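Summary of structural features
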Amino acid sequence: MTNEPFESAQPEYRRPEPVQLSLFLNLDGFEGPIDVLLTLAREQKVDLHQISILALAEQYLQFVQQAQTLNLELAADYLVMAAWLAYLKSRLLLPPDESDEEEMDPAALAEALRFQLQRLEAMQDAGRRLMGRAQLGVDVFARGAPENTAARFRSVYDVTLYDLLRGYGDQHARKQHQTLRIAATDLYAVEDAVERLAAFVGRVPKWRMLFTFLPDGLRGSLLIRSALASHLVAGLQLAKDGAAELRQDETFGPIWLRSGSREDSAG
């Protein structure tokens, strides 16, 4: 039996080989190739109207290559976008082919891409503004129990004197329940006065006071005044026609009437 050293009985220690680990962080949360294009366009630090489509295509193709080196499984839409950008880049670099009428203008395709990027940026900006507002339960909190405060109301009326009088009149009318009825007035018509004077004018060669032509039996001061006014208007009408003459010797004096010159010449 051989005596071997104790250390030789120990198994040989081998240092484990380091494990190759790769860490890939996606903090922006790209949801598609158009989102990646917007991020790459922002890196140019110019307006979206002035971005270079050629530089944007180069950046996107480089992004796809880097993603493939990290052993990532790219979705089909990323590869389709890469192929389309490569095609667009070639169309922009090559001179236009006027014989090919079916192909779209590369400038129009580039402008459409710029429009899509602008629209995506506007939607993202609106989303940030919306989520940046104060949220109930996070930034602001609703009141729990209501406050025990009594509300006091005091009425203030701003009305004019006409409004007060109209309100008083309406209230008084509702209490009285009366309807105002205006009786019809009996007035002497001008047409009747013209007919009456026309019958007398031809037989009045001398001056007579106008009120002597009023008919008898008039009752009431209003009817008498209306008859006198109607006869005055009728006399003026006959004087205008030349069938009668009127005169008044003094202010507020009596009015005289006689047949006109036309009646004298006719007689």
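Quick look at the structure, then. (Residues numbered from 1 in each chain as written. Predicted model: local features only at pLDDT ≥ 70, side-chain atom pairs only at ≥ 80, totals over all residues. Heavy atoms only, no water.)

1. A closer look at the pattern of salt bridges
One pass over the full model with this rule turns up six salt bridges. Its salt-bridge partner being Arg-128, residue Asp-125 comes within 3.8 Å of it at the nearest N-O pair. Of this pair, Asp-125 and Arg-128 both sit in helix H4 (residues 106-131), three residues apart, roughly one helical turn. Residue Asp-249 is joined to Arg-247 by a salt bridge in which the shortest nitrogen-to-oxygen separation is 2.5 Å. Classification of Arg-247 as partly exposed rests on a relative accessible area of 28%. Each of Asp-125, Arg-128 and Arg-129 takes part in one network of salt bridges that share partners. (Salt bridge = Lys/Arg side-chain N within 4 Å of Asp/Glu carboxyl O. Helix = DSSP H or I, 4+ residues; strand = E, 2+ residues; numbered from the N terminus. Buried < 20%, exposed > 50% of the residue type's maximum accessible area, 1.4 Å probe, protein only.)

2. Re the pairing of strand S3 (residues 255-259)
Pairing between strand S1 (residues 208-209) and S3: two bridges, direction antiparallel. Paired with Arg-208 across the bridge in S3 is Leu-257. Pairing analysis gives five bridges linking strand S2 (residues 244-248) to S3, with the strands arranged antiparallel. Note that in S3 the partner of Arg-247 across the bridge is Trp-256. Taken together, S2 and the strand that follows it, S3, pair antiparallel across an intervening segment of six residues, in which Phe-252 is found at a positive phi of about 60°. (Pairing = 2+ DSSP bridges.)

3. Topic: the side chain of Ser-226
Looking at where Ser-226 falls in the secondary structure, it is placed in helix H7 (residues 221-241). Residue Ser-226 is classed as buried on the basis of its relative accessible area of 12%. There is a polar contact of 3.2 Å between the side chain of Ser-226 and the backbone nitrogen of Tyr-188. Among the polar contacts made by the side chain of Ser-226, one reaches the main-chain carbonyl oxygen of Leu-223 at a distance of 2.7 Å. (Polar contact = N/O pair within 3.5 Å; in protein donor to acceptor, adjacent residues only side chain to side chain.)

4. Comments concerning the packing of aromatic side chains
Tallying each qualifying case throughout the model produces one aromatic pair. Ring geometry for Phe-200 and Phe-213: centres 5.9 Å apart, planes at 65°, overall edge-to-face. In this pair, Phe-200 is assigned in helix H6 (residues 190-201) and Phe-213 in the loop between S1 and H7, connecting sequence segments 13 residues apart. On the accessibility criterion, Phe-213 (1% relative accessible area) is buried. Stacked on the ring of Phe-213, the Lys or Arg Arg-208 has its end atom at 4.6 Å from the ring centre. (Phe/Tyr/Trp six-rings, centres within 6.5 Å; stacked < 30°, edge-to-face > 60°. Lys NZ or Arg CZ within 6 Å of the ring centre and 35° of its normal.)

5. Digging into the packing of helix H3 (residues 76-93) against H4
When two helices pack together, their arrangement is given by the angle between the helix axes and by the axis-to-axis distance. Two elements in contact, H3 and H4, have axes whose closest approach is 9 Å; the angle formed by their N-to-C orientations is 135°. It follows from the interaxial angle that H3 and H4 lie oblique. Seen from above, H3 lies across H4 with left-handed handedness. Every residue of H4 that contacts H3 at Trp-84, Leu-85, Leu-88, Arg-91 and Leu-92 is listed here: Pro-106, Ala-107, Leu-109, Ala-110 and Leu-113. Residues that form the contact of H3 with H4 fall into these classes: nine nonpolar, no polar and one charged. (Axes fitted to C-alpha atoms, helices over the stretch in contact; angles between N-to-C directions. Parallel < 35°, antiparallel > 145°, perpendicular 65-115°, else oblique. Left-handed = near helix turned anticlockwise from the far one by under 90°. Contact = heavy atoms within 4.5 Å. Nonpolar A, V, L, I, M, F, W, Y, C, P; charged D, E, K, R; others polar.)

6. Here's the deal with the nonpolar core
Core analysis: the biggest nonpolar cluster contains 21 residues, and Leu-37, Leu-56, Tyr-60, Leu-85 and Leu-117 have the highest contact counts within it. Where this core is concerned, the elements lending two or more residues are helix H1 (33-42), helix H2 (53-69), H3 and H4. Beyond its immediate chain neighbours, meaning those up to four positions away, Tyr-60 contacts Pro-33, Val-36, Leu-37, Leu-40, Asp-77, Tyr-78, Met-81, Ala-82 and Leu-85. Among the nonpolar cores identified, the runner-up in size contains 15 residues, and Val-204, Leu-210, Leu-214 and Ala-234 belong to it. (Core = buried A, V, L, I, M, F, W, Y, C linked by side-chain atoms within 4.5 Å.)

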